[in-house]
Amino acid sequence: MTDFSRRVYLLRERDLSPETIAVAFAKTSRSPEPFDRNAADLSDARSAEFHEKWVVGYGHASVAEHAVLHIAVENVSRLAIECLESNRLVSYTEKSTRYQKWSSGAFLAPPEVAGGELEKPYGETCRQLLDTYARALETVGGLARARFPRREGESDSRWEGRIRSCYVDVCRYLLPASVLANVGITINARALEHALRKMLSHPLAEVRVIGAEIKQTALAEVPTLVKYAEENGYLRDLPEKFRRASAPLGIPPAPREDPPRGWMRLIDYEPGAEDRALAAAGVRFCGWGLEESARRVRDASSEERRLLADALLEGLGDHDQPLRELEHITYTFEAVMDQGAYFEVKRHRMMSQTPGPLGCDQGYVTPRWFEEAGFLDEYNNVMGRAADEYRALRMALGPNAAAYVVPNGYLRRMVLSMNLREAFHFCKLRSSEGAHAAVRVLALQAAGQIRLVHPLLGSILQWDGQPDWKELESSFFR
Ligand SMILES: Cc1cc2nc3c(=O)[nH]c(=O)nc-3n(C[C@H](O)[C@H](O)[C@H](O)COP(=O)(O)OP(=O)(O)OC[C@H]3O[C@@H](n4cnc5c(N)ncnc54)[C@H](O)[C@@H]3O)c2cc1C
């Protein structure tokens, strides 16, 4: 007899392989049996057969999303992590430049330089950056301790926790992209296949090697689902093909040396997009057709429109997310940010992000604390040396491998497209007091510009205690 009682339970990873769990779920599409009975009928070999036929053969690829892996990746360069973390539907946690410190030899000599004549000057520059970083931690840390002395009864760790952002946030600008870090990755087999293709087609040898190792490691758990992930000719050849196609447009093949312009500039938006979100809400809550709803919104008085907007936005609690209707409004920004900030911003997966190359052509930021700690000359010297080494490496190896030597303080261009719902999340989280100053400036600037062009729904980006970005910028940076 069919059992109609409700059941909610886990298919446990400890009992079943990821590929078997995926098939047990996939079978519900055709079989009336409960999931645990589906699973009991399966073996790893039968699951592999199913995946070969349905996922690989017929392209029912979403089944692979039910096979989830937790992959630990240790001691890879932060430059390689950029590619590892470039996937939207994946969860990451990485070693933080805000909460941890790097020791002197903790950097990679990548295959492009290892064993050749470039290795010595490259290693010397990275070591000099890390030695300067260690001295900066001492010097700027000493200043932070003097400025914010230990409170009565405060433990060492509490005191350190209270002041560390003052100096660790500053000293991180000296860390080159070659420094080693760990990243924990939770990923489903479908996303992993895509990520592996990118890694195996990447211009950096380190990333290709990591891709091969991750594939090898993953095969133990998902032998069928990532088996066919290989280097992809389209991805591999695209950068060069695009550069060639762009030559007639007058863009030089080498990176341009444009001066950086602002932190975050709103480049593109649709002035009437607020109406689209309100009209969509009319479809959801009033049952109108979209054209009918759009007409009603268009014909509404400004007071009526205000009421609609208030109804959508008011009452949001601190941990609430606004409704999806805000996703119908999008913004494109051009941002110029330091590499340290880029590393944090890139984690916002819901945005569409296009980073420019990491290099030394756009200049670097200078935090005030370096000046106040008497560390400015040392900072400028080593940043200049890194730029010289970057240019020498770029001549010899091209821009990709040269980027290993670029410190976090150098500026980088980025295109960011986001909808209002993501803008709300990004601006709120990243303008908060605990966020890094560089990222707070970006978030506050984005919020201000959106409010200006879309005052009705953009008002969601205004909350109590928001500082002025200009004051924040000039208090942190020189
Ligand atoms: C105080 C602080 C400390 C941090 N420390 C570290 C650190 O030490 N190491 C480190 O690696 N990172 C750290 N981060 C970065 C953090 O883990 C996030 O990766 C980053 O803030 C991006 O935020 P998000 O995932 O909420 O945003 P987005 O990726 O922009 O996503 C927006 C929203 O979409 C939803 N969403 C997106 N993807 C998923 C998903 N897969 N599952 C469920 N919901 C999803 C969530 O609601 C999310 O808030 C820190 C962040 C903060 C604020």
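Since the structure is predicted, the reported quantities are computational estimates derived from the model, not experimental observations. Residue positions are given per chain, counting from 1 as you read along its sequence in written order. Per-residue local features of the predicted model are confined to residues with pLDDT of at least 70, and side-chain atom pairs are confined, for both listing and counting, to 80 or more; whole-chain, interface and lining totals are unaffected and use all residues. Each side-chain value is worked out from all heavy atoms of the structure, with water and hydrogens disregarded.

### Focus on the domain arrangement of the protein
And then number 1: Start and end points for every domain follow an automatic or database-based domain assignment. Split into domains, the protein comes out as domain 1 (18–66), domain 2 (70–238) and domain 3 (273–316).
And then number 2: Put simply, the middle of domain 2 and the middle of domain 3, counted by C-alpha atoms, are 45 Å apart.

### Quick look at unusual backbone geometry
And then number 1: Unlike most non-glycine residues, asparagine 75 shows phi in positive territory, near 55°.
And then number 2: Note that asparagine 75 resides in strand β1 (residues 68–77). Going along the chain from the N terminus, every DSSP run of H or I of four or more residues is numbered as a helix, and every run of E of two or more is numbered as a strand.

### Digging into the pairing of strand β2 (residues 91–94)
And then number 1: Every second residue of β2 is oriented toward a common face, the buried set being Tyr92 and Glu94 and the non-buried set Ser91 and Thr93.
And then number 2: Two strands are said to pair when DSSP picks up at least two bridges between them. Alignment of β2 against strand β3 (residues 180–188), held across four bridges, turns out to be antiparallel. Following the sheet pairing, glutamate 94 is matched in β3 by valine 183. Each residue is placed in one exposure class: buried if its accessible area under a 1.4 Å probe, protein chains only, is under 20% of its type's maximum, exposed if it is over 50%, and partly exposed if it falls in between.

### Re the side chain of serine 77
And then number 1: Within the fold, serine 77 resides in strand β1.
And then number 2: Owing to a relative accessible area of 0%, serine 77 belongs among the buried residues under this scheme.
And then number 3: Polar contacts, as counted here, are pairs of nitrogen or oxygen atoms within 3.5 Å of one another; within protein the pair requires one atom able to donate a hydrogen and one able to accept it, and residues that are adjacent in sequence qualify only if both atoms are side-chain atoms. A polar contact of 2.9 Å, which involves the side chain of serine 77, links it to the backbone nitrogen of alanine 80.
And then number 4: In this analysis, two residues are considered to be in contact whenever any of their non-hydrogen atoms come within 4.5 Å of each other. Contact partners of serine 77, with chain neighbours within four places excluded, come to Leu108, Ala177, Ser178, Val179, Leu180, Glu206 and Tyr404.

### Some thoughts on the environment of valine 406
And then number 1: With respect to the secondary-structure elements, valine 406 resides in the loop between α16 (399–402) and β7 (411–419).
And then number 2: For valine 406 and arginine 78, which are 328 residues apart along the polypeptide, the C-alpha to C-alpha distance reads 11 Å.
And then number 3: Once residues within four sequence positions are removed from consideration, valine 406 is found in contact with Leu175, Pro176, Ala177, Leu358, Gly359, Cys360 and Tyr390.

### Considerations on the pattern of salt bridges
And then number 1: What counts as a salt bridge is simple: a side-chain nitrogen of Lys or Arg found within 4 Å of a carboxyl oxygen of Asp or Glu. Following the criterion strictly, the structure yields 40 salt bridges and no others.
And then number 2: With its nearest N and O atoms 3.6 Å apart, the salt bridge here joins lysine 346 to glutamate 94. Pair noted here: lysine 346 is in the loop between α13 (339–345) and β6 (352–355) and glutamate 94 is in strand β2, with a separation of 252 residues, a long-range link.
And then number 3: Judged by relative accessible area, which is 6%, lysine 346 ranks as buried.
And then number 4: Classification of glutamate 94 as buried rests on a relative accessible area of 17%.

### Here we look at the environment of valine 345
And then number 1: Among the secondary structure elements, valine 345 is positioned in helix α13.
And then number 2: A relative accessible area of 1% means that valine 345 is categorised as buried.
And then number 3: Residue contacts for valine 345: discarding those within four places in its chain leaves Met337, Gln353, Met414, Leu416, Phe426, Val439 and Leu442.

### Describing the sheet that holds β2
And then number 1: Spatially, three strands are ordered β1-β3-β2 in an open sheet, and the strand pairing comes out antiparallel. The open sheet has two edge strands, β1 and β2, and neither has a second partner. This sheet shows a mean twist of 15° between the axes of neighbouring strands, independent of strand direction. Angles shown run from 0 to 180 degrees and are taken between the N-to-C directions of axes, each axis being a line fitted to C-alpha atoms and, for helices, limited to the stretch in contact.

### Overview of the site of the ligand
And then number 1: When at least one non-hydrogen atom of a residue lies within 4 Å of a molecule or strand, that residue is treated as near it. Close to the ligand lie 14 residues, the nearest being Glu94, Arg347, Arg349, Glu422 and His425.
And then number 2: Within the side chain of histidine 348, an N or O atom sits 3.1 Å from an oxygen atom of the ligand.
And then number 3: Between the ligand and arginine 349 there is a distance of 2.6 Å, counted from an oxygen atom to a side-chain nitrogen or oxygen.
And then number 4: Look at the ligand: alone it shows 940 Å² of surface, and the protein chains cover 60% of it.
And then number 5: Elements that contribute at least two residues to the shell around the ligand include exactly β2 and α17 (420–430).
And then number 6: The element best represented in the shell around the ligand is α17, accounting for four residues.
And then number 7: Gly falls in the polar group here, along with every residue not listed as nonpolar (Ala, Val, Leu, Ile, Met, Phe, Trp, Tyr, Cys, Pro) or charged (Asp, Glu, Lys, Arg). Grouping the amino acids of the shell around the ligand by side-chain chemistry returns three nonpolar, six polar and five charged. In this description, accessible areas are obtained by the Shrake-Rupley approach with a 1.4 Å probe, and a residue is regarded as covered only by the protein chains that are shown.

### Thoughts on the sheet that holds β7
And then number 1: One open sheet holds the four strands; their spatial order is β4-β5-β7-β6, and the pairing between them is antiparallel. Among the strands making up the open sheet, the edge pair consists of β4 (264–269) and β6. In this sheet, adjacent strand axes meet at a mean angle of 20° when their direction is disregarded.
And then number 2: In this sheet, strand β5 (residues 330–338) lies alongside β4 in antiparallel orientation, the contact comprising five bridges. When the sheet's bridge partners are listed, methionine 264 is paired in β5 with alanine 335.

### A word on helix α7 (residues 189–200)
And then number 1: Working rule for helices: expected span equals 1.5 Å times residues minus one. Over its 12 residues, α7 runs 16 Å from end to end, which matches the ideal 16 Å to within 8%, given 1.5 Å per residue.
And then number 2: Ala189, Ala191, Leu192, Glu193, Ala195, Leu196, Met199 and Leu200 are the residues of α7 that are buried.
And then number 3: Taken together, the buried residues of α7 touch β1, α4 (78–84), β3 and α8 (205–219).
And then number 4: Structurally, the start of α7 carries an N-cap: the backbone nitrogen of arginine 190 is 3.0 Å from a side-chain oxygen of asparagine 188.

### As for the pairing of β7
Working note: regular strand, side chains alternate between the two faces of the sheet.
And then number 1: Of the strand pairs in this sheet, β5 and β7 are connected by nine bridges, and their pairing is antiparallel. Across the sheet, the residue bridging to threonine 332 is serine 417, located in β7.
And then number 2: Pairing of β6 with β7 involves four bridges; the strand directions are antiparallel. Across the sheet, proline 355 pairs through a bridge with methionine 414, a residue of β7.

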